[in-house]
Amino acid sequence: MGESDVSGRQDERPPSDGPGECAAVLDAALMVRQATRGFYRHFATAEAAFDVLAVSSSDSSVTAPDACGRDFRELVHPSVRQPLVRQFERLLAGRCDWFTAQVVALGSNGDAFTGSLTATAVSGDAAEPGGVLVMMRSGQRAEGAAVVAPRKIMFSAVDARILEGIAAGLSTIPLASRLYLSRQGVEYHVTGLLRKLKAPNRAALVSRAYAMGVLTVGTWPPRVVDGLVE
């Protein structure tokens with residue numbers, strides 16, 4: 001991720017969309033306050049997006065009731081949410097003026113797609129704190145993005161603990177003892193995990209779980225992303 005300490009903050013107004021781009025203004029709580037038409041193409045429901053896109057194209061800054069007021073954190077995949085929030089916190093605390101990041105975003109239908117994000121601090125006034133101007137350029141929805149676990153792939157608490165244990169190097173018997181299951185019970189859950197993540201064996205299961213964003217990167221012991229546990 002890149003960042004800069006250049007002086008001066010942006011005005012609080014989303015720019016017009018370029019090809020494959022969209023933008024939104026977030027308040028200090030990371031709630032969407034205003035956005036461009038392209039933003040609603042990605043994140044508003046079909047009905048709301050239709051209403052927004054029916055507005056004159058000269059109006060580059062519009063609102064949609066089911067997207068404005070939403071928490072921006074809900075629009076990105078759980079696997080990238082925590083590190084992204086840390087970057088926003090640094091930005092809002094004045095420790096940097098902007099940053100860039102590669103993100104996995106979640107469209108209105110739950111499909112994941114990759115993209116690049118640039119966040120810039122925007123100035124506030126005495127009555128209202130500053131916020132963040134977010135500009136996104138969408139990437140692809142394909143193998144790289146489709147490999148990421150969408151919101152509909154969820155794990156039970158038991159499956160999550162077993163996956164974490166396998167990633168930590170535990171075999172069946174220690175897992176059974178830790179989770180108060182029989183050996184056959186653990187194997188049953190492992191078989192279900194292999195099927196769910198389309199992995200041929202335990203090693204591939206762990207690798208695929210990390211690649212899909214199911215396991216949180218940079219933590220030990222391994223942990224399934226909170227947003228994917230039922």
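Anyway, here's the lowdown on the structure attached to this text. On a predicted model such as this, the values are computed, not experimentally measured, just so you know.

Scanning the protein from terminus to terminus reveals 8 helices and 7 strands. Taking all contacts inside the protein whose residues are at least 6 apart in sequence as the whole, residues at least 24 apart take part in 57%. When the accessible area of the protein is evaluated, it comes to approximately 11600 Å², of which 53% is carbon and sulfur surface.

This brings us to the nonpolar core. Counting residues in each nonpolar core, the largest one holds 33 residues, and the members touching the most others are F39, F72 and F88. Those elements giving two or more residues to this core turn out to be strand 2 (21-26), strand 3 (32-36), helix 1 (37-43), helix 3 (78-92), strand 5 (98-106), strand 6 (112-122) and strand 7 (131-138). Looking at this core, the element that brings in the most residues is strand 5, giving 6 residues. If we skip the residues at most four places from it in the chain, F39 touches C22, A23, A24, V32, A44, F72 and L75. If you look at the next biggest cluster of nonpolar residues, it comprises 24 residues, including I162, L163, A199 and A209.

Now for the packing of aromatic side chains. The final tally for this structure, using the stated rule, is 4 aromatic pairs. An angle of 50° between the planes, with centres 4.8 Å apart, marks the rings of F39 and F43 as tilted. You can see F39 and its partner F43 sitting in helix 1, 4 residues apart, about one turn around the helix. The exposure classification of F39 matches that of F43, with both residues buried. Here a set of aromatic residues connected by ring pairs shows up, and it is made of F39, Y40 and F43. Here the basic side chain of K196 rests over the ring of F155, its NZ or CZ set 4.8 Å away from the ring centre.

We now examine the packing of helix 5 (residues 157-167) against helix 7 (residues 183-196). Packing of helix 5 against helix 7 leaves a shortest axis separation of 10 Å and a crossing angle of 90°. Between helix 5 and helix 7, the interaxial angle falls into the category roughly perpendicular. Each of V158, D159, I162, L163 and I166 in helix 5 lies in contact with helix 7, whose residues at this interface are V186, H189, V190 and L193. Classifying every residue of the contact of helix 5 with helix 7 gives 7 nonpolar, 1 polar and 1 charged.

Reading the values: the criteria
- The residue count restarts for each chain, going from 1 along the sequence in the order it is written.
- The predicted nature of this model means local features are confined to residues of pLDDT at least 70 and side-chain atom pairs, given and counted, to a pLDDT of 80 or more, with totals for whole chains, interfaces and linings taken over all residues.
- Only hydrogens and water are set aside when side-chain values are computed; all heavy atoms of the structure are taken into account.
- Note on conventions: DSSP H or I runs of at least 4 residues are helices, E runs of at least 2 residues are strands, and numbering of each starts at the N terminus.
- Contact between two residues is taken to exist if any of their heavy atoms lie within 4.5 Å; hydrogens are not considered.
- Note on areas: these come from Shrake-Rupley sampling with a 1.4 Å probe, and a residue is covered only by the protein chains present in the view.
- Put simply, a nonpolar core is a bunch of buried Ala, Val, Leu, Ile, Met, Phe, Trp, Tyr and Cys residues held in one set by side-chain atoms that sit within 4.5 Å of each other.
- Think of it in three bands: with a 1.4 Å probe and only protein chains considered, a residue is buried below 20% of the maximum accessible area for its type, exposed above 50%, and partly exposed in between.
- Any pair of Phe, Tyr and Trp rings, taking the six-membered ring for Trp, is counted once the centres come within 6.5 Å. Such a pair is stacked with planes under 30 degrees apart, edge-to-face with planes over 60 apart, and tilted for the rest.
- Whether a charge sits over a ring depends on NZ of Lys or CZ of Arg being within 6 Å of the ring centre and within 35 degrees of the ring normal.
- Fitted lines through C-alpha atoms give the axes, limited to the stretch in contact for helices. The angle between two N-to-C directions lies from 0 to 180 degrees.
- Convention used here: angles under 35 degrees read as roughly parallel, angles over 145 as roughly antiparallel, angles from 65 to 115 as roughly perpendicular, and any remaining angle as oblique.
- Residues are sorted three ways: Asp, Glu, Lys and Arg are charged, Ala, Val, Leu, Ile, Met, Phe, Trp, Tyr, Cys and Pro are nonpolar, and all the rest, Gly among them, are polar.

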